[in-house]
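Per-entry structural report
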Amino acid sequence: MGSLFRSEEMALCQLFLQSEAAYACVSELGELGLVQFRDLNPDVNAFQRKFVSEVRRCDEMERKLRYLEKEIKKDGIPMLDTGENPEAPQPREMIDLEATFEKLENELREVNHNAEALKRNFLELTELKHILRKTQVFFDEMADPNREDEQVTLLGEEGLRAGGQALKLGFVAGVILRERIPAFERMLWRACRGNVFLRQAEIETPLEDPSTGDQVHKSVFIIFFQGDQLKSRVRKICEGFRATLYPCPEAPSQRREMAMGVMTRIEDLNTVLGQTQDHRHRVLVAAAKNIKNWFIKVVKIKAIYHTLNLFNLDVTQKCLIAECWVPLLDIETIQLALRRGTERSGSSVPPILNRMDTFEDPPTYNRTNKFTSAFQNLVDAYGIASYREINPTPYTIISFPFLFAVMFGDLGHGCLMFLFAAFLVLREKPLAAKKTDNEVWNIFFAGRYIILLMGLFSMYTGFIYNDIFSKSLNLFGSHWHTNYNESTVMSNKDLQINPSNSSEYDQVPYPVGLDPVWQLALNKIVFLNAYKMKISIIIGVLHMLSGVSLSLYNYRYFKDRLSIYCDFIPQVIFLTFLFFYMVLLMFIKWVSYGPQNDFPDSPACAPSILITFINMVLFKDAVALENCNTVYMFSGQGALQKFLVIVALLCVPIMLLAKPIYIMRQQKDKHVQLVNGHATTENGDAEGAGRVVQQPPPPAGGHDENEIGELFIHQGIHTIEYVLGSVSHTASYLRLWALSLAHAQLSEVLWSMVMTKGLILNSWIGGVWLWFVFGFWAILTVGILVLMEGLSAFLHTLRLHWVEFQSKFYKGLGYAFAPFSFEVILNTASTAVEE
């Protein structure tokens, strides 16, 4: 649990592995997922590394598996996913996998090729069958003596011969796509100048294209013409429109004989096609049972060889050398994994893991679980924590849903959010198994625990606000009473109840939250406005103070005493003496002024906190209100405020100049000491200690003149940002007040303008009408108040944490720990395949 508050301690280690055991050891480390390897060959091309041939073999196996997967999906065969996670196979098993995939691919391609040829043959025979059927009608029409005049008109008088011989016409028959018929007919008419006779008929049933598998609609046509010249022209046009021509006998008896032969061949082809499809289906079903495990094995093999390409070979070519970042607490676990890998490989040489010293910044690694990972992702989205920097996540787990709930406070809306998140949490295993590429759903599911807490906290703040769907709960009764009759109250809306009168108000605080009568009061918004505004400022100042306080833990851990004295202490004083004092004034005002108090002044004489704060900063004396005797809330307040402002202002130059001046003087002293020491060494006596040589050594400590100047600039920017930010950040927390009021008012408007419309009818029709109105109101409530308002409050809460809270102590300049992990690699691979 300690790593949640601060990232894990990391160590840079050097790993020596025997060549025979390297594969098995890296496999074990991949299953463990706790080692981040560094590339020791950054200048070596990817195609020149030692294991590039193995990586290519894995790429080829992946290609074959993707081909198998495509064919399996095409047939709609479910791929068995048992949830198993097979270990990475040994290198010698790669040959067996390659042979299996090669055999399956070749067999499947051969079956597909044969099936395509059979389907093409079947298509041709089917088209020929339709041609023989349809052209019989065309030939009968051409043999009809009543159509002789039409033929003469189309073909011209030259087609008729002397001697009373019958008109002899040539013809071609074929099949063409149905949508090409109009253009085909126009082209024939123009190219042949009307000297051809076209007849066409649609094929009722669609035909399957053997190349694409799509269903296409075609038509049968027959073209009558005279002469070889027209025949050649017609054939070229048919070829241009990709029409398929088939031989068609002229004699009816020959056509009948051919049709019988075609039907016989079609039946035989149907039988062969069925057997081919059955064989293909059996092959794919067998492959579908193992394809998931095959994918996992190949991905693991490829990942191992990619990792081995990051290693160096020693001089003897028998040992692989790697450098890696590992969590310090897991070194023993890693050594056990290396030992298991060595035993699996049968090697007798144990691996060596040596810890190295380095000045390089280690990666940041925060251990998380399914609950804390979502909150950690929120923090990491701003920036990865610097190494061993304090982690805001454990504090965000509480403050994030609470600040959200302050803006979203409604018992009913919070309950809807809580129930939705509870469903995701209770059903998380089956829902996680149903992987989907719906981005919105994945965001909701990943943040289910955040939504759960936001709903729970919203129920709490809604209970405090006594607000449920813009109505109130009367759990403890009201402490307000009226001495007027009902007619007087109903006719006089401006009538007010005096809280100082015990007969009209019980002089006892309400047990929990707000009195329910405020939901009916016309001046509710005036009361809640002041109440929520002050609450938001109080929460904001405390939140910022907690952020500044967390910076102390960073300074103490990194032993930066200078920052404690020059940054932390003046920052706390500045924030406390100005803004926390304003918070104290709010509490003093709440305690000191009420409907009944011991002061000689009335409650109307209570000083304004905002005016008091402005006068305090401007060193102006407070002015008493008319008919009021006192100016301040307590004695000595004016002098105390001047003292607080002066001390707070004195903190500004300390924050601005103290650290750079101290570092500059420190470097100057070190510089003088080094120069004096160098001069003493050259003279050999104490008298030469005061002499200054012309070229002294560079100053120690890592700061030269340019860096000192940059330090002044950096400290100035940091000081200005903090001083001005203290004002703007405090005002920024007023969004808690603004969004809370907006949410409550929008909920009330939705109730008064929609839901009340369903309560106007008293008959049975009113009950039916209420159902429709309630459904419409529920849709608007979920869509606008829960989803849209919830998203708005979420984004505002995110800003308050990133800017107002984390900026006080969090740098976020680190880089994430990215271990070699099969789990991460497989998740990435499965996501890429789905996309």
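What you are looking at is a predicted structure, and each value in this text was computed from that prediction instead of being measured.

A few words now on the overall build of the protein. Check the secondary structure of the protein and you find 25 helices and 11 strands. Across the 835 residues in the protein, those meeting the buried criterion constitute 42%. Here the analysis covers contacts within the protein between residues at least 6 apart in sequence; of these, 82% occur between residues at least 24 apart. Here the protein has roughly 46,100 Å² of accessible surface; of this, 59% comes from carbon and sulfur atoms.

An order of β4-β7-β3-β8 is seen for the four strands of this open sheet, with the pairing classed as antiparallel. Each edge of the sheet is formed by a strand with only one pairing partner; in this case those strands are β4 (197-202) and β8 (244-246). Neighbouring strand axes in the sheet, compared pairwise and without regard to direction, differ in orientation by 25 degrees on average. Bridge count for strand β3 (residues 170-177) against β8 is three bridges, and the pairing is antiparallel. Residue pairing across strands places glycine 174 opposite leucine 245, the latter belonging to β8.

We now examine helix α20 (residues 609-617). Of the positions making up α20, those classed as buried are Ile609, Thr612, Phe613, Asn615 and Met616. Taken end-on, α20 shows its buried residues confined to a sector of 165 degrees, consistent with a single buried face. Phi turns positive, to about 60 degrees, at phenylalanine 619, one or two residues after α20.

On to the side chain of serine 551. The residue serine 551 is located in helix α18 (residues 524-557) in this model. Serine 551 gets classed as buried once you look at its relative accessible area, which sits at 2%. Here valine 548 takes part through its backbone oxygen, which lies 2.4 Å from a polar atom of the side chain of serine 551. Each residue touching serine 551, except ones within four places of it in the same chain, is listed here: Phe568, Lys808 and Phe809.

With that out of the way, let us pick up a nonpolar patch on the surface. A grouping of Leu416, Phe420, Val440, Phe444, Leu746, Val782, Ile784, Leu787 and Met788 is seen on the molecular surface, where their side chains present a nonpolar patch of about 720 Å² in accessible area. Contributions of two or more residues to the nonpolar patch are made by α13 (411-426), α15 (439-446) and α24 (764-805).

Another point: unusual backbone geometry. In this structure, arginine 242 takes a positive phi of about 55 degrees despite not being glycine. Positionally, arginine 242 belongs in the loop between α7 (228-240) and β8. Since its relative accessible area comes to 68%, arginine 242 is described here as exposed. Phi is positive for lysine 559, which is not a glycine, with a value near 55 degrees. Taking relative accessible area as the criterion, lysine 559 reaches 72% and is therefore assigned exposed.

This part takes up the confidence of the model for the protein. Across the protein, the average pLDDT comes to 86, with 90% of residues at 70 or higher. Predicted confidence for residues 151-166 stays below pLDDT 50, and this span has 20 contacts to residues more than four positions away or in other chains. Scored below 50 in pLDDT, residues 680-703 shows 28 contacts in the model against residues more than four places distant or in partner chains.

Let's shift gears to the pairing of strand β1 (residues 10-18). With nine bridges connecting them, β1 and strand β10 (residues 319-327) associate as antiparallel partners. Bridge pairing in β10 links leucine 12 to tryptophan 325. Looking at chain direction, β1 and strand β11 (residues 352-356) are connected through five bridges and run antiparallel. Bridge pairing links phenylalanine 16 to isoleucine 352 in β11.

What follows concerns the environment of methionine 664. Inspection of the secondary structure assignment puts methionine 664 in helix α21 (residues 637-683). Assessed through its relative accessible area of 33%, methionine 664 is described here as partly exposed. Once the C-alpha coordinates of methionine 664 and glutamate 707 are considered, the two residues, 43 residues apart in sequence, prove to be 9.9 Å apart. Discounting residues that sit within four places of it in the chain, methionine 664 has contacts with Ile708 and Phe712.

We now examine the packing of α18 against α24. Contact geometry of α18 with α24 gives a least axis separation of 10 Å together with a crossing angle of 50 degrees. Between α18 and α24, the angle falls in the class oblique. Considering the relative orientation of α18 and α24, their crossing is right-handed. Together, His543, Met544, Ser546, Gly547 and Leu550 of α18 and Leu800, His801, Glu804 and Phe805 of α24 make up the contact between the two elements. Looking at side-chain class alone, the contact of α18 with α24 contains four nonpolar, four polar and one charged residues.

Moving on, we get to the packing of aromatic side chains. Each aromatic ring pair is specified by the distance between its two centres and by the angle formed by the two planes. Going through the model one piece at a time under the given rule, you end up with 33 aromatic pairs. Here tyrosine 557 and phenylalanine 558 contribute two aromatic rings whose centre-to-centre distance is 5.2 Å and whose plane-to-plane angle is 85 degrees, an arrangement assigned as edge-to-face. Here phenylalanine 558 falls in the partly exposed class, since its relative accessible area comes to 44%. Relative to tryptophan 590, the ring of phenylalanine 587 has its centre 5.5 Å away and its plane inclined at 80 degrees; by these criteria the two rings are edge-to-face. With phenylalanine 587 and tryptophan 590 both in helix α19 (residues 561-592), this residue pair falls three residues apart, about one helical turn. Judged by relative accessible area, phenylalanine 587 falls into the partly exposed class, the value being 39%. Taking the relative accessible area as the measure of exposure, tryptophan 590 reaches 39% and is therefore partly exposed. Here the aromatic cluster, defined as three or more aromatic residues joined through ring pairs, consists of Tyr382, Trp802, Phe805, Phe809 and Tyr810. Directly above the ring of phenylalanine 445 sits arginine 448, whose terminal nitrogen or CZ lies 4.3 Å from the centroid. Geometry around tyrosine 465 places lysine 532 over its ring, the cationic atom sitting 4.1 Å from the centre.

Counting 62 residues, the largest nonpolar core has Ile450, Met454, Leu578, Phe579, Leu736 and Phe794 as the members making the most contacts within it. Among the elements that line this core, the one with the most residues is α19, at 11 residues. Not counting chain neighbours up to four residues away, the residues in contact with isoleucine 450 comprise Ala374, Phe375, Leu378, Phe400 and Phe794. Residues Tyr23, Ala88, Phe295 and Phe817 belong to the second largest nonpolar core, which totals 58 residues.

When charged atoms on two side chains of opposite charge get close, those side chains can pair. With the rule as written, the count across this model stands at 30 salt bridges. Between glutamate 208 and lysine 119 there is a salt bridge; the shortest N-O distance is 3.4 Å. One end of the pair, glutamate 208, is in strand β5 (residues 207-208); the other, lysine 119, is in helix α4 (residues 93-143), with 89 residues separating them in the sequence. Owing to a relative accessible area of 34%, glutamate 208 belongs among the partly exposed residues under this scheme.

Moving on: the packing of helix α12 (residues 393-408) against helix α23 (residues 734-753). One can describe the packing of α12 onto α23 by two numbers: an axis separation of 6 Å at closest approach and a directional angle of 45 degrees. Accordingly, the angle class assigned to the pair α12 and α23 is oblique. Counting all contacts with α12, which are made through Leu403, Val406, Met407 and Phe408, the residues of α23 involved are Arg735, Leu736, Leu739, Ser740 and His743.

A word on the side chain of glutamate 62. If you trace the backbone, glutamate 62 turns up in helix α3 (residues 52-74). Setting aside anything within four residues of it in sequence, one finds glutamate 62 in contact with Val298, Val299 and Lys302.

Inspection of the secondary structure puts proline 570 in helix α19. Along the primary structure proline 570 and leucine 650 are separated by 80 residues, whereas in three dimensions their C-alpha atoms are 8.6 Å apart. Leaving out residues up to four positions away in the same chain, proline 570 has contacts with Ile564, Tyr565, Cys651, Ile654 and Met655.

Turning to the state of the cysteines, a few remarks are in order. Under the criterion given, the structure shown has zero disulfides. Left without a disulfide partner, cysteine 324 is nearest to the cysteine sulfur of cysteine 13, which lies 5.5 Å away.

Now for the environment of tyrosine 632. Within the secondary structure, tyrosine 632 is located in the loop between α20 and α21. For tyrosine 632, a relative accessible area of 25% puts it in the partly exposed group. Once the C-alpha coordinates of tyrosine 632 and aspartate 621 are considered, the two residues, 11 residues apart in sequence, prove to be 9.8 Å apart. Beyond its immediate sequence surroundings of up to four residues, tyrosine 632 is in contact with Tyr593, Asp621, Ala622, Gln637, Gly638 and Gln641.

About the cut-offs
- Residues numbered from 1 in each chain as written.
- Predicted model: local features only at pLDDT ≥ 70, side-chain atom pairs only at ≥ 80, totals over all residues.
- Heavy atoms only, no water.
- Helix = DSSP H or I, 4+ residues; strand = E, 2+ residues; numbered from the N terminus.
- Buried < 20%, exposed > 50% of the residue type's maximum accessible area, 1.4 Å probe, protein only.
- Contact = heavy atoms within 4.5 Å.
- Areas by Shrake-Rupley, 256 points an atom, 1.4 Å probe, with all protein chains shown as cover.
- Pairing = 2+ DSSP bridges.
- Axes fitted to C-alpha atoms, helices over the stretch in contact; angles between N-to-C directions.
- Arc of directions from axis to C-beta.
- Polar contact = N/O pair within 3.5 Å; in protein donor to acceptor, adjacent residues only side chain to side chain.
- Patch = residues over 30% accessible without salt bridge, like charges linked within 9 Å, V, L, I, M, F, W, Y side chains within 5 Å.
- Salt bridge = Lys/Arg side-chain N within 4 Å of Asp/Glu carboxyl O.
- pLDDT = per-residue confidence, 0-100.
- Parallel < 35°, antiparallel > 145°, perpendicular 65-115°, else oblique.
- Left-handed = near helix turned anticlockwise from the far one by under 90°.
- Nonpolar A, V, L, I, M, F, W, Y, C, P; charged D, E, K, R; others polar.
- Phe/Tyr/Trp six-rings, centres within 6.5 Å; stacked < 30°, edge-to-face > 60°.
- Lys NZ or Arg CZ within 6 Å of the ring centre and 35° of its normal.
- Core = buried A, V, L, I, M, F, W, Y, C linked by side-chain atoms within 4.5 Å.
- Disulfide = S-S within 2.5 Å.

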